[in-house]
Amino acid sequence: MRKFVEPDTDTMQLIADHTSEVTLPEKHLLLLEGKPCDKIYFIVSGLGRSYYTDFSGKTITWNFYFNTPESISKNLFATDYRAFLQNNPSSIAIETLTEVNALLFTKTQVNYLIEKSLIYERWMRKLNESAFMNMYDRAFTLLTMAAADRYQKLVKEESHLLQMFSNYYIASYLGIAPQSLSRIRSQH
């Protein structure tokens with residue numbers, strides 16, 4: 001929180017009273033495609049990913065969730081933002097890849113905290129802005145860059161992902177087949 005706002009003791013207590021800590025096992029589904037999204041998870045430790053199923057039945061990695069100091073995309077909530085905000089069915093599924101420790105907020109809790117705390121509201125706005133910028137950059141990259149350029153951008157900006165996630169998930173995240181990722185890696 002302190003990256004964006006300076007919470008006081010009352011705000012910290014209010015948040016603590018309206019959230020819960022959860023430990024989730026590896027391969028646990030936090031959210032299913034087509035289901036309501038009324039929870040958000042703030043990953044404290046562990047790894048997760050979101051994915052969707054394309055028209056041919058293939059799963060495509062949409063985003064990664066973790067919290068490490070070197071990441072530019074850390075501190076994002078694991079949720080389907082669109083579904084959460086608009087009460088629509090989720091377009092993605094979210095699964096844990098390792099055991100995950102997280103803070104769980106329900107939609108009711110988020111709304112309550114936004115109403116009761118200006119500091120929490122500011123924090124949520126900053127996190128939402130960060131999530132928007134991350135997704136905008138991801139979509140723009142997928143739409144405007146060749147596969148080799150997308151890989152080079154990943155290496156330059158978030159090379160730690162290559163150690164954290166399998167080649168299959170990385171290839172899927174880049175929008176390419178695992179064989180294409182191997183070929184691109186061998187050329188660079």
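Refer to the structure above for everything that follows.
Residues numbered from 1 in each chain as written. Predicted model: local features only at pLDDT ≥ 70, side-chain atom pairs only at ≥ 80, totals over all residues. Heavy atoms only, no water.

Draft legend 1. Region of interest: the overall build of the protein. Looking only at helices and strands, the protein features eight helices and eight strands. The C-alpha extent of the protein, read off along each of the three principal axes, is 55 × 30 × 30 Å. The proportion of buried residues among the 188 residues of the protein is 42%. A separation threshold of at least 6 residues defines the contact pool for the protein, and within that pool the share at least 24 residues apart is 68%. A total accessible area of about 10300 Å² is found for the protein, and carbon and sulfur atoms account for 54% of it. Computing the positive centroid from 20 side-chain charges and the negative centroid from 20, the protein places the two 6 Å apart. (Helix = DSSP H or I, 4+ residues; strand = E, 2+ residues; numbered from the N terminus. Buried < 20%, exposed > 50% of the residue type's maximum accessible area, 1.4 Å probe, protein only. Contact = heavy atoms within 4.5 Å. Areas by Shrake-Rupley, 256 points an atom, 1.4 Å probe, with all protein chains shown as cover. Lys, Arg positive; Asp, Glu negative; His and termini not counted. Charge placed at Lys NZ, Arg CZ, Asp CG, Glu CD.)

Draft legend 2. Structural detail: the nonpolar core. In this structure, F77, F105, Y120 and W123 are the most contacted members of the largest nonpolar core, which totals 29 residues. Contributing elements (two or more residues each) for this core: α1 (9-17), β2 (29-31), β3 (39-45), β6 (77-78), α2 (81-86), β8 (100-106), α3 (107-116) and α4 (118-144). In terms of residue count, α4 provides more of this core than any other element does, five residues in total. L161, A171, Y173 and L174 belong to the second-largest nonpolar core, a separate cluster that totals 18 residues. (Core = buried A, V, L, I, M, F, W, Y, C linked by side-chain atoms within 4.5 Å.)

Draft legend 3. Molecular detail of the packing of aromatic side chains. In total, this model carries 13 aromatic pairs according to the counting rule given. A centroid spacing of 6.2 Å and a plane angle of 40° characterise the contact between F105 and Y120, whose relative ring orientation is tilted. Highlighted residues: F105 in strand β8 and Y120 in helix α4, separated in sequence by 15 residues. The residues F105 and Y120 share a single accessibility class, namely buried. Geometrically, the ring pair formed by Y120 and W123 is edge-to-face, given 5.7 Å between the ring centres and 70° between the ring planes. You can see Y120 and its partner W123 sitting in helix α4, three residues apart, about one turn around the helix. Like Y120, the residue W123 is buried in the burial classification. Taken together, the ring pairs connect F42, F77, F105, Y120 and W123 into an aromatic cluster. Over the ring of F84 we find K107, and its NZ or CZ is 4.8 Å from the ring centre. Sitting over the ring of Y173, R138 keeps its end group 4.0 Å from the ring centre. (Phe/Tyr/Trp six-rings, centres within 6.5 Å; stacked < 30°, edge-to-face > 60°. Lys NZ or Arg CZ within 6 Å of the ring centre and 35° of its normal.)

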